[in-house]
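Examination of the molecular architecture
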Amino acid sequence: MDDVRRDVLTIATPADPDALLPPLVQTTQGKQVVDLVFDHLAQPAEQLEMLGDAGFRSQLATSWKWSPDSLSIEFHIDPRARWHDGVSVRANDVSFSFALYTDTILASPHQHAFDGIDSITVRDSLTAVAWWSKRHPEQFAQLAYNLAILPQHLLASLPRATLAQSAFAANPVGSGRYKFDRWTPHRDLVLSSDRNNYRGAPEIGRVIWIVTADPTAANLSVIAGQADVLEQLRGDAFVKVRQSANISAVDYGSFDYAYLTFNSARTVSGKSRYFNDRSVRVALTAAIDRRSVVMNALDSIGSVALGPVTRADPSVDTSMKQIAFDHARANGMLDSLGWLMDPKSGIRRQAGHNLEFEILVPSTSSTRQRVAVLLQSQLRAVGITTTIASVEPGVFYARMSEGNFDTALNMWHADPSPSSIAAVWGTARGKDSGMNFGRYSNAPVDLLLDSASNAFDVASRSALLRRVHQNLVDDAAAIWLYEPRNFAAINRRIMSSAMRADAWWANIADWKLAAGSSPTVASRP
């Protein structure tokens, strides 16, 4: 078993990546891998300042220069950068990557993150120039944060329609400080140090994700020293880790929030798209005692969600008004909408149809499984019948993307860029819903988001975003459930550097091993 080595970092993860091709990655597991394999032009520092470029540090680009009118930025590529196959990284790779992300055939769910960027041209082999149709406060972050750079020489000849099934998609080649080694689905995924990397070789030679779908087994694997990292501690494991002499519980902030999203385009229970009706959404929200749900499912390591924003976001107003838990209001609203309680069954009916729907939930999330059961019980108390569909993560995200659900209990890992809220809650464009899985639409929100994206003053921008947040809460765009307090369990033999709230894994290549530390024994060969 060659996994018994000092220079191995093992991570217990609940699921496989959804993809290894950056434009197609939507899950946290996939993002962890591709962020270590592929480079961006620049990366944000731990403060996560997205306005301008002052909050960014070099990665693939050694420097950049703005045009006098701020409508273009030229990026100078590090001449030492190499793909893992030895070929030099060049400016045409940057232009090609932009074209790939925005290609309608590949249909990346992230393509609209680049709206407003007209093109990326190549000035010379080491200079790529990005061009905008108009200036806005997050131009730099829009490109640097969202665009992973991919190798043109390996991808240009492959058909876009089948790129997701290509050999490259299964064995990616990047320029990051770790390179892809192997992936055995439902078992493990291994990255190896790029010892000749232009930014320096990582001290830890290999990073291994061990797929452990059972949360209890994942917790035990870290406590028993079979894994080094568990990204989110929950329940009894949190207490055990805090009592352990060998493991640290590291608080790294949270841009995550969980919500029950309604499919506005779905015909449910014989009624045409009743989730389009704000009164229905408000009634369902009022029927849920969110504080009780959070206390039962997360106890002290979670908070009631404020809305489509977390407490880590500097624009958030923690005192924003909420739709309160109110059984009487919920019952009264449902009565007024014609959903009347059958005295025999205790189920609400209208025109021969029961008020019922399905709650879609990923089978690998024990917290969301518990929350779904609690929601089911509380909704039943007001005469609403629900069924819980627990499915594998791949099926969960496929059904979400296809709009094949009634409601879904989703966890969103927010982008620290304030205007990124538009990707999830802005009106979908035609059949392309992007990350707006519920096909939600709110014209005032769209207008406010447009204004916020063009506000260069931080105070004005924050004020506009707070109006967006309040509008979405008032409109019951979703049932805002919980915001986890993120504690990672990390073996004390690992000396972790600063952990970003949006991506705790971003600096793994800079992590070190404590002097004289014993190796972790991976649980699988």
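The rules behind each value
Residues numbered from 1 in each chain as written. Predicted model: local features only at pLDDT ≥ 70, side-chain atom pairs only at ≥ 80, totals over all residues. Heavy atoms only, no water. Helix = DSSP H or I, 4+ residues; strand = E, 2+ residues; numbered from the N terminus. Rg over C-alpha atoms; globule rule 2.2 N^0.38 Å. Buried < 20%, exposed > 50% of the residue type's maximum accessible area, 1.4 Å probe, protein only. Contact = heavy atoms within 4.5 Å. Areas by Shrake-Rupley, 256 points an atom, 1.4 Å probe, with all protein chains shown as cover. Salt bridge = Lys/Arg side-chain N within 4 Å of Asp/Glu carboxyl O. Pairing = 2+ DSSP bridges. pLDDT = per-residue confidence, 0-100. Axes fitted to C-alpha atoms, helices over the stretch in contact; angles between N-to-C directions. Left-handed = near helix turned anticlockwise from the far one by under 90°. Nonpolar A, V, L, I, M, F, W, Y, C, P; charged D, E, K, R; others polar. Expected span 1.5 Å × (residues − 1). Polar contact = N/O pair within 3.5 Å; in protein donor to acceptor, adjacent residues only side chain to side chain. Core = buried A, V, L, I, M, F, W, Y, C linked by side-chain atoms within 4.5 Å. Parallel < 35°, antiparallel > 145°, perpendicular 65-115°, else oblique.

Along its length, the protein chain carries 15 helices and 24 strands. Rg of the C-alpha trace for the protein chain: 24 Å, near the compact-globule value of 24 Å for 525 residues, within the 12% margin. With respect to the three principal axes, the spread of C-alpha positions in the protein chain is 75 × 55 × 45 Å. The proportion of buried residues among the 525 residues of the protein chain is 56%. Expressed as a percentage of contacts within the protein chain between residues at least 6 apart in sequence, the contacts between residues at least 24 apart total 69%. About 20,600 Å² of surface is accessible on the protein chain, with carbon and sulfur atoms providing 51% of the total.

We now examine the pattern of salt bridges. Counted by the stated rule, this structure contains 18 salt bridges. For Lys512, the salt bridge goes to Glu203, with nearest N and O atoms at 3.8 Å. Highlighted residues: Lys512 in strand β24 (residues 512-513) and Glu203 in the loop between β9 (188-193) and β10 (206-211), separated in sequence by 309 residues. You can call Glu203 partly exposed: its relative accessible area is 40%.

Along strand β5 (residues 72-77), 5 of the 6 residues are buried, which leaves the element largely enclosed by surrounding structure. Of the strand pairs in this sheet, strand β4 (residues 61-66) and β5 are connected by 5 bridges, and their pairing is antiparallel. Each bridged residue has a counterpart across the sheet, and for Ser63 the counterpart in β5 is His76. Counting the residues that bridge the hairpin from β4 to β5 gives 5 residues, and of these Ser70 lies at a positive phi of roughly 60 degrees. Note: β5 against strand β7 (residues 127-132), 5 bridges, orientation antiparallel.

Here the focus is the confidence of the model for the protein chain. When pLDDT is low, close inspection of the predicted coordinates is not appropriate. When pLDDT is averaged across the protein chain, the result is 90; 94% of the residues are at 70 or more. For the stretch residues 1-5, pLDDT sits under 50, and the model shows 14 contacts to residues farther than four places along the chain or on other chains.

Now for the packing of helix α9 (residues 290-297) against helix α11 (residues 366-380). The contact between α9 and α11 brings their axes to 10 Å, and the two run at 145 degrees. Every pair of crossing elements has a handedness; the one defined by α9 and α11 is right-handed. Counting all contacts with α9, which are made through Ser292, Val293, Asn296 and Ala297, the residues of α11 involved are Thr367, Arg370, Val371, Leu374, Leu375 and Gln378. Counted by class, the contact of α9 with α11 contains 5 nonpolar, 4 polar and 1 charged residues.

Another point: the environment of Glu74. In this fold, Glu74 is placed in strand β5. Glu74 sits in the buried class, given a relative accessible area of 15%. Taking C-alpha positions, Glu74 is 39 Å from Phe487, a pair spaced 413 residues apart along the chain. In contact with Glu74, not counting residues within four places along its chain, are Ser63, Trp64, Lys65, Arg123, Thr127, Ala128 and Val129.

Following the sequence through the fold, Ala141 ends up in helix α3 (residues 139-144). The sequence separation of Ala141 and Ser58 amounts to 83 residues, and the corresponding C-alpha distance is 12 Å. Those residues in contact with Ala141 that sit more than four places away from it in its chain are Met50, Phe56 and Asn146.

Look at helix α15 (residues 458-474): 24 Å from first C-alpha to last across 17 residues, which is about the 24 Å you get at 1.5 Å a residue. When we look at burial in α15, the residues that qualify are Arg461, Ser462, Leu464, Leu465, Val468, His469, Gln470, Leu472 and Val473. As for α15, its buried residues are in contact with α13 (421-425), α14 (443-453) and β21 (478-484). Capping of α15 at its N-terminal end is provided by Asp457; its side-chain oxygen lies 3.2 Å from the backbone amide nitrogen of Ala459. Among the residues trailing α15, Ala476 stands out with phi positive, at a value near 50 degrees.

The next subject is the sheet that holds strand β15 (residues 340-341). With antiparallel pairing, the 3 strands of this open sheet are ordered in space as β15-β16-β17. The sheet is open, and its two edges are formed by β15 and β17 (353-354), each paired on a single side. The sheet contact formed by strand β16 (residues 348-350) and β17 spans 2 bridges and is antiparallel. The residue bridging Gln350 from the neighbouring strand is His353, located in β17.

What follows deals with the nonpolar core. Grouped together as the largest cluster of nonpolar side chains are 72 residues, with contacts concentrated most on Leu9, Phe75, Leu143, Leu191, Trp504, Ile508 and Trp511. Ranked by residue count, the leading element in this core is helix α2 (residues 91-101), at 6 residues. Once residues within four sequence positions are removed from consideration, Ile508 is found in contact with Leu9, Ile11, Leu36, Tyr178 and Val207.

Moving on, we get to the sheet that holds strand β18 (residues 356-362). The sheet built from 6 strands is open, its strands ordered β14-β21-β13-β20-β18-β19 with mixed pairing. Of all the strands in the sheet, just β14 (302-304) and β19 (385-391) have a single pairing partner and so form its edges. Between one strand axis and the next, the sheet turns by 25 degrees as a mean value, whatever way the strands run. As paired elements, strand β13 (residues 256-262) and strand β20 (residues 407-413) share 7 bridges and run antiparallel to each other. Counterpart to Tyr257 in the pairing with β20 is Trp412.

It is worth spelling out unusual backbone geometry at this point. Not every positive phi belongs to a glycine, and Ala351 is a case in point at roughly 50 degrees. Along the polypeptide, Ala351 turns up in the loop between β16 and β17. Look at Arg439: it is not a glycine, yet its phi comes out positive at around 55 degrees.

Packing of α14 against α15 leaves a shortest axis separation of 9 Å and a crossing angle of 160 degrees. Considering their axes alone, α14 and α15 lie roughly antiparallel with respect to each other. Classified by chirality, the crossing of α15 by α14 is left-handed. In this structure, α14 contributes Pro444, Val445, Leu448, Leu449, Ser451, Ala452 and Ser453 to the contact, and α15 contributes Arg461, Leu464, Leu465, Arg467, Val468, Asn471 and Leu472. For the contact of α14 with α15, the residue count by class is 9 nonpolar, 3 polar and 2 charged.

In this section: the pairing of β7. For a regular strand, side chains alternate in direction, first toward one face of the sheet and then toward the other. When you tally the buried positions in β7, you get 5 out of 6 residues, the bulk of the element. By the bridge criterion, 6 bridges tie strand β6 (residues 117-124) to β7 in an arrangement that is antiparallel. What sits directly across from Asp124, in β7, is Thr127. Connecting the antiparallel pair β6 and β7 is a turn made up of 2 residues.

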